[in-house]
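Read off the chains here:
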Amino acid sequence: MRDGEGMLEGLGEALSRGIERRTALRLLVMGGTLAASPRLLAQGAAPKRGGRLTIGADADPIGLDPVTTAAFSSYDFTSLLYTGLLRWNAEMKIEPDLAVGFEQPNETTYVFKLRSGVKFHNGKALDAEDVKATFDRIKDPASASPNATLFSNIKSVTVVDPLTVRFELSAPSATFLSFLATNPIGCITPRGVGDLATKPVGTGPFVFESYEPNQQFLLKANPNYYESGQPYLESVAFRFFKDQASLTTALRSKAIDMTWFKDPRVSAQIVRTSPDLVSAPGKTTRTFPVWMNMKDKPLNDVRVRRALSLAANRQACLQTVLGGSGKVAAMIPESHVGGYDGVGDMPYYKTDPAGAKALLAEAGYPNGIDLGEYIVVAANPLDVSCAQILQQQWAEAGIKVAIKPMETAPLLAMWVKGEYPTLLSVALSWSPDPDAIVSRLLSSNAYGKSMGMNDAELDAMIVGARAILDPAKRAAAYQQIQRRICDQAYVLDIYQYPLRWEAWWSYVKGYVPLASNIRSFVRTTWIDK
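All figures in this text were calculated on a predicted structure; none of them were measured in a lab.

Q: An account of the state of the cysteines is requested, with residue identities and associated values reported.
A: Applying the stated criterion across every chain, the model contains 0 disulfides. The thiol of Cys 386 is not disulfide-bonded; the next cysteine sulfur, from Cys 317, is found 4.1 Å away.

So this is what it looks like as structure tokens:
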């Protein structure tokens, strides 16, 4: 039995070493509170209460219901409005949150004990029925939840008593706890509440106050938040800016206290010229992929897809767009611990325009091919730039595309439904486990179906990797999964790099940036002016 921060970290290490799971593993938080992070304690000064933190945001939320949202732009907001059974701490290790602990009587059973006295923002007490209702809604096809595949191994969720809930899995899982700890994937929502997408009701440290699209999003402190003394801030305001120049100006003038940048060159410049700014460059978590609609000609032909891969010069894209601040990528970024980085000798990664032309000729296109529209996120100039470079590279091999920048919300809707003509790029942000990335290509996944995926061999590889508990063996399995994806050119990944470069003024205290680029530690932030 262990208490305080790091309990679940120890559990994860034990399971990784293959220690017998049937030992009744119990995690209890002494007194119902969590130990403070060493990184927070190291900041020294006692927190000051009150005040407003103003954050410069680069995109509006697209839905605030954690069960249904698939947009990274929503995650900052869900991370402050909702909480889950578990969470990631400042060192990106798993720790209890709404749960005070759990027992694992066997490899496929988890019994969670909930905190007592927790209230949703509408005043209703949290209980085990809410936990069950949340996962029932995730698994209900009518919800169209992007998390359904991630939790497809949940066989049943049973209410044992008001503060105890039991999960039965269909097989041992190396991903289950990580997904539970990740916002918004594992967030608990109140049963019986209607439109959470626009009227969010959670158990988080802040309560929804108001939202003006393209202007600002206001949150106020939750007076009933279950962690003693938190949050320290009275309110949080997100102000929306549509370009990096406006964000930079607002930060320099202190119209905002904190922001992040998409472009590493912009971030480096402003931090270099403003010594009172704190900078956190982030970890390599974001991949830039080209998704393909393979349901019909011509991309149902692997030779055409392989031609696209051979005609792409990934290193040139990396150097031109990011100045080398990243690396050539396969589907899983290097930020995943355990050797999941797939860069290396991947099939069809060597730039070969002549080889691409030969494959097109074999496929019946000796004079080249026009693939029509290539859709990209208009709000991300880096993505648009990379798409334009790919357009030029592909043209050298006789492949023509027309770049079509599009607003994020309609683009995401097209992606999920597979309604884009041929090519679409929407980058992937940090994920808690490699399975969250590659599961999009399952034939049974909503994204996989929309793309036209039908690969029983890959399906079996992805499902099998979930149950591998040995880290080295699991890393090897994901390398093989990535090789299969690259060989069949289901997705063309170009490069990986940090999703955001964060910056804030030095009077902002207690904040911890996470590899996930989700600002959940605003709950421990205070202002010291």
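Q: Tell me about the packing of aromatic side chains, and name the residues and values.
A: Here the structure, examined in full by the defined rule, presents 27 aromatic pairs. Feature note: the residues Phe 102, Tyr 110, Phe 112, Phe 135, Phe 151, Phe 167, Phe 176 and Phe 179 constitute an aromatic cluster, connected by ring pairs. Positioned over the ring face of Tyr 447 is Arg 440, at 4.6 Å from the centre of the ring. A cation over an aromatic ring shows up here: Arg 523 above the ring of Phe 521, its NZ or CZ 4.5 Å from the ring centre.

Q: Please give an account of the packing of helix H6 (residues 244–252) against helix H7 (residues 264–273) that cites residues and values.
A: Two numbers describe how H6 lies on H7: the axes approach to 11 Å, and their chain directions differ by 15°. Judged by the angle between their axes, H6 and H7 are roughly parallel. The hand of the H6/H7 crossing is right-handed. Listed contacts from H7 to Thr 248, Leu 251 and Arg 252 of H6 are Val 266, Gln 269, Ile 270 and Thr 273. For the contact of H6 with H7, a count of residues per class yields 3 nonpolar, 3 polar and 1 charged.

Q: Which residues make up the sheet that holds strand E4 (residues 99–106), and what values do they have?
A: Two pairing modes exist for strands in a sheet, parallel and antiparallel, and in both the strands are linked by backbone hydrogen bonds. Read from one edge of the open sheet, 4 strands run E4-E5-E7-E6, paired in antiparallel fashion. Since the sheet does not close on itself, it has two edges, and those belong to E4 and strand E6 (154–161), each with one partner. Averaged over all pairs of adjacent strands, the angle between strand axes in this sheet comes to 20°, irrespective of strand direction. Bridge analysis of E6 against strand E7 (residues 164–169) gives 6 bridges, and the strand direction is antiparallel. In the sheet register, Val 157 faces E7, and the bridge partner there is Phe 167. Relative to E6, helix H4 (residues 128–139) is tilted by about 165°, and along the sheet it contacts strand E5 (109–114), E6 and E7.

Q: With reference to specific residues and values, describe the pattern of salt bridges.
A: Per the counting criterion, the structure on display carries 23 salt bridges. With a closest N to O distance of 2.8 Å, Glu 95 and Arg 87 form a salt bridge. Residues Glu 95 and Arg 87 agree in their burial class; the two are buried. The residue Arg 306 makes a salt bridge to Asp 487 at a minimum N-O spacing of 3.3 Å. Pair noted here: Arg 306 is in helix H8 (residues 302–311) and Asp 487 is in helix H16 (residues 471–488), with a separation of 181 residues, a long-range link. The class of Arg 306 is buried, set by a relative accessible area of 14%. A single network of salt bridges, built from pairs that share partners, joins Arg 87, Glu 95, Asp 97, Glu 227 and Arg 523.

Q: Outline helix H15 (residues 456–466), listing residues and values.
A: Of the positions making up H15, those classed as buried are Leu 458, Asp 459, Ile 462, Ala 465 and Arg 466. Burial along H15 is one-sided: seen end-on, the buried residues are contained in an arc of 135°. Across H15 from its buried face, at more than 90 degrees, point the exposed residues Ala 456 and Ala 460. Tucked inside the fold, the buried residues of H15 contact helix H13 (434–438) and H16.

Q: How would you summarise helix H10 (residues 353–362) if you had to cite specific residues and measurements?
A: Inspection of H10 places Gly 355, Ala 356, Leu 359 and Leu 360 among the buried residues, and these make up the whole buried set. Within H10, the buried residues cover an arc of 140° as seen down the axis, which keeps them to one side. Where the residues of H10 are buried, they touch H8, strand E15 (369–377) and strand E16 (399–406). Downstream of H10 by one or two residues, Gly 364 has phi in the positive range, about 100°.

Cut-offs and rules
Residues numbered from 1 in each chain as written. Predicted model: local features only at pLDDT ≥ 70, side-chain atom pairs only at ≥ 80, totals over all residues. Heavy atoms only, no water. Disulfide = S-S within 2.5 Å. Phe/Tyr/Trp six-rings, centres within 6.5 Å; stacked < 30°, edge-to-face > 60°. Lys NZ or Arg CZ within 6 Å of the ring centre and 35° of its normal. Axes fitted to C-alpha atoms, helices over the stretch in contact; angles between N-to-C directions. Helix = DSSP H or I, 4+ residues; strand = E, 2+ residues; numbered from the N terminus. Parallel < 35°, antiparallel > 145°, perpendicular 65-115°, else oblique. Left-handed = near helix turned anticlockwise from the far one by under 90°. Contact = heavy atoms within 4.5 Å. Nonpolar A, V, L, I, M, F, W, Y, C, P; charged D, E, K, R; others polar. Pairing = 2+ DSSP bridges. Salt bridge = Lys/Arg side-chain N within 4 Å of Asp/Glu carboxyl O. Buried < 20%, exposed > 50% of the residue type's maximum accessible area, 1.4 Å probe, protein only. Arc of directions from axis to C-beta.

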